[in-house]
Every structure is written in structure tokens, then in C-alpha cells.
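Understanding the architecture of this molecule
Here is what each chain is made of, one letter per residue.
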Amino acid sequence: RTSIMSVLRTLTPFLERHICHAGWAVRLPGVWNPLRHLRTTAIAPVVPPRALHTTTTHGSSSQSRGGEGWKSFRFAFHMGAGLAFLGATTATVSAATDNKKRKPSNPPRIIISGAPGSGKGTQCEFIVQKYGVVHISTGDLLRDEVKRGTPLGKKAHEFMSKGELVPDDVVIGMVKNKLDEPEVRECGWLLDGFPRTAAQAMALEKEGIHADAFLLLDVPDSVLVERITGRRSDPVTGKIYHMKFNPPPNDPEVLARLIHRKDDTEEALRTRLVTYHKNVEGIVGSYEPILRDINGQQSEDYKTNVATIRAEIEAAIMSCKYGPPQLVISGAPGS
């Protein structure tokens, strides 16, 4: 109460100068919304409009200040407007602060799949930034578990050292442990390129791991070949460029260190695509209710294509998680 009165004492000269002198025509848009409510609830009961003698000269207005009515009006106006202004400002700041701190009670759970060169990595960055989810890649998980020497990491290392594929039960165990971490449970998750096979999809189902949306980036093989063969990697920054669609900076030092990976050739890609298409056909049936096909080649322009896909992904996630939109819109004629 003491703090409010202190603020009101500070606001009184300001309100009198900028608001009371203007009568009913409030000049400050920033405080108009709270005052609109006070106009009928705080001011009118104290002094009716006919008791305010307003004269206008050359665009300026002045008030007749005589009598006890004016004193009551000024006190009520200052108190009501000050409290409304203070309350609205406090509520706005509080809401903004809460929104930054608040985490969704039911955070997104997303799976994304796409062939090499489909733009999956670029869209993963967008999803993480947009929804604040934790990005989970099984390749990263494997390397981390092996590096930390966990029981699952040791099992995985036995197979990796022999050049063999890590069994599904080991990978599923790693994924399950990651999803149980407090940060992931609080923020939600994005499974990148996993599950890859029908067996992995069934294993996730048995573990009770369910997604809200399964995003499938669909790009023709001929386009994928052009994208992959023109791809170059910067070993220093880790960035991936494309000599045509997303060229590197015109810096001799950067251009000299770019690498064309061995598996970024057409022959290697064709082999990988055969395996990819076979695996995708086996898992889409498990996620049919939440499956969303995203056209990954909607424009020849790289930036336009990325932006269009992002918009479709956002709409797909909202549709899968919350169902079709149900909106109410209002506006004056001509708005």
C-alpha cells in the first residue's frame, strides 16, 4: 500500500498535466485501455459529464476547477487512473516475466525423418529454436555414451570397434535414458532420424515412448543428388555449404579448407537412398495418425524454400498436437 501511494504521488502531476487538462479525450494511447474502463466506473459516479465545464480555444482545452465537485473528481481521477495504469503495467511486466520462465505443461514430442540432403538438419535447428525442445540424435548419443564409458556405451563400443551395427536394444536404452532426463521431460524432445526401422518403432512403442508429430521431409531423389554432390563441409566451423544453393563466403582461407566428403558422391548416395526408402516404408505405418508429409522442394530459391518448409512444419506440429485450428476473429467494418 505504501509503495502504491508513493507511485501515485509521483504520477499525480503527470496525470493532471497530460490527462485532466484534456478532459475526456485521453491523449496517451499507452494508458487508454485501463482508462476506458475507468471512464464509466470511476469518473462518472463522482461527477457527471454535464458538471465539467469545458471550453476549447485554438485546439487546446481548459477545465473550470471551481467547487468541491472538481476536487472530488480530480482525486478520484488521479487515484483510479494511477491504480489502473500501475495495475496494467505490473500485469504486463509480470505476464512477460512469467512467459519467459513458464514451461509448457505438455511440451512437444516430435520425430523428424528425411533422406540425406533433405534439409533435415536445417529444419531441426528451426524446431529447437521455435519450441525450445531438446534435439536428440542417436549418433550423438552413441558418441557421448561411449566417451563417458557408461554401461550402454561400453556395449555399443564392442560392436562399433568391430564395424558392426549397434543392436536396437542398446540404442533404445540410450534413447529412453535421454528422454527420462529432467530437462527433456520439461522442455520436450525432437528425435532426429529415429526410429529408422519398423523394429525400432515397435521397440519405442513398447517402452511407452509416444510422439505428437512425425514429420517426413519428402524430396525427389534427383534433387537429393544435386544437393549432396554440391555439398562442402568446413572442418573448422562445422558448417555445411552448397556450392549452388548455399555458397560459402568468398574468403580464400575458408574456400581452401572446405572438404567434399567421400559419401557425398552420387554413387554413395544412391546406395544410401535405397536403404532409406526401404526403412521409411516400414515405419510410416506405425505413425500414420500423426504423420505429416512435408514437401521439401517447394522453390528453387534456397531461402524461400527453407522459409516455406518452416511454415508447413509449424502448422503440422500445431495440427498434430492440438488438432485443427478453431479461431474467433473480430474487427470493425473495413478493418
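In this text the structure is predicted, and so the values were computed from the model without any measurement. (Residues numbered from 1 in each chain as written. Predicted model: local features only at pLDDT ≥ 70, side-chain atom pairs only at ≥ 80, totals over all residues. Heavy atoms only, no water.)

1. Overview of the overall build of the chain
- A tally of regular secondary structure across the chain gives 13 helices and nine strands.
- Burial statistics for the chain: of 335 residues in total, 36% are counted as buried.
- In the chain, 69% of the contacts between residues at least 6 apart in sequence involve partners at least 24 apart.
- As displayed, the chain offers around 20,400 Å² of accessible surface, 55% of which is attributable to carbon and sulfur atoms. (Helix = DSSP H or I, 4+ residues; strand = E, 2+ residues; numbered from the N terminus. Buried < 20%, exposed > 50% of the residue type's maximum accessible area, 1.4 Å probe, protein only. Contact = heavy atoms within 4.5 Å. Areas by Shrake-Rupley, 256 points an atom, 1.4 Å probe, with all protein chains shown as cover.)

2. Overview of the layout of surface pockets
- Its volume calculated, the second largest pocket comes out at about 260 Å³.
- The wall of the second largest pocket is formed by 14 residues, among which Arg-109, Leu-179, Arg-185, Trp-189 and His-210 lie closest to the centre.
- Those elements that place two or more of their residues in the lining of the second largest pocket are helix 7 (168-179) and helix 8 (182-187).
- A per-class count over the lining of the second largest pocket returns five nonpolar, four polar and five charged. (1 Å grid on protein atoms, 1.4 Å probe; cavity = no way out; pocket = protein on both sides within 12 Å on 5 of 7 lines; lining within 4 Å. Points joined across faces, edges and corners; volume = space filled by probe spheres on them. Nonpolar A, V, L, I, M, F, W, Y, C, P; charged D, E, K, R; others polar.)

3. Examining the packing of helix 6 (residues 151-160) against helix 7
- Look at helix 6 against helix 7: their axes get within 10 Å of each other, and the N-to-C directions meet at 150°. Taken together, the axes of helix 6 and helix 7 are roughly antiparallel relative to one another. You can see that helix 6 and helix 7 cross each other, and the crossing is left-handed. Two secondary-structure elements touch here, helix 6 through Leu-152, Gly-153, Lys-155 and Ala-156 and helix 7 through Val-170, Gly-173, Met-174 and Asn-177.
- Looking at the contact of helix 6 with helix 7 residue by residue, the class counts come to four nonpolar, three polar and one charged. (Axes fitted to C-alpha atoms, helices over the stretch in contact; angles between N-to-C directions. Parallel < 35°, antiparallel > 145°, perpendicular 65-115°, else oblique. Left-handed = near helix turned anticlockwise from the far one by under 90°.)

4. Brief notes about unusual backbone geometry
- A cis amide bond, omega 5°, links Phe-194 with the succeeding residue Pro-195.
- Here Pro-195 is to be found in the loop between strand 5 (189-192) and helix 9 (198-206).

5. A look at helix 13 (residues 302-322)
- Relative to the 30 Å expected for 21 residues at 1.5 Å per residue, helix 13 spans 30 Å between its end C-alpha atoms, a close match to the ideal helical length.
- Within helix 13, the full set of buried residues consists of Asn-305, Val-306, Ile-309, Ile-313, Ala-316, Ile-317, Cys-320 and Lys-321. For helix 13, the arc enclosing every buried residue in end-on projection is 110°, short of the 170-degree limit, so these residues lie on one face. Those residues of helix 13 that are exposed and aimed more than 90 degrees away from the buried face are Lys-303 and Tyr-322.
- Against the buried residues of helix 13 lie strand 3 (109-114), helix 4 (120-131), strand 6 (213-218), helix 10 (221-229) and strand 9 (291-295).
- Phi for Gly-323, located one or two positions after helix 13, is positive at around 85°. (Expected span 1.5 Å × (residues − 1). Arc of directions from axis to C-beta.)

6. Looking at the packing of helix 10 against helix 12 (residues 266-283)
- Running from amino to carboxyl end, helix 10 crosses helix 12 at an angle of 135°, the nearest separation of the two axes being 10 Å. Between helix 10 and helix 12, the crossing angle belongs to the class labelled oblique. Helix 12 is crossed by helix 10, and the crossing has right-handed handedness. Together, Asp-221, Leu-224, Val-225, Ile-228 and Thr-229 of helix 10 and Glu-266, Leu-269, Arg-270, Leu-273 and His-277 of helix 12 make up the contact between the two elements.
- In the contact of helix 10 with helix 12, the residues fall into five nonpolar, two polar and three charged.

7. Looking at the confidence of the model for the chain
- Within the chain, residue pLDDT values average 77, and 69% of them lie at 70 or more.
- Residue range residues 20-66 is modelled with pLDDT below 50. Its contacts to residues more than four positions away, or to other chains, number 64 contacts.
- For residues 91-102, every residue scores under 50 in pLDDT, and the model assigns this stretch zero contacts once sequence neighbours within four places are set aside. (pLDDT = per-residue confidence, 0-100.)

8. Comments concerning the pattern of salt bridges
- For the structure on display, the rule yields 17 salt bridges.
- For the salt bridge of Glu-314 with Lys-130, the shortest nitrogen-to-oxygen distance reads 3.1 Å. Of this pair, Glu-314 sits in helix 13 while Lys-130 sits in helix 4; the two residues are 184 residues apart in sequence, bridging distant segments of the chain.
- On the basis of relative accessibility, which here comes to 28%, the residue Glu-314 falls in the partly exposed class.
- Relative accessible area serves as the criterion here: at 42%, Lys-130 is assigned to the partly exposed category. (Salt bridge = Lys/Arg side-chain N within 4 Å of Asp/Glu carboxyl O.)

9. Digging into the environment of Ile-209
- Within the element layout of this structure, Ile-209 appears in the loop between helix 9 and strand 6.
- Judged by relative accessible area, which is 12%, Ile-209 ranks as buried.
- The sequence separation of Ile-209 and Val-175 amounts to 34 residues, and the corresponding C-alpha distance is 9.7 Å.
- Beyond its immediate stretch of four places on either side in the chain, Ile-209 contacts Lys-176, Leu-179, Trp-189 and Leu-204.

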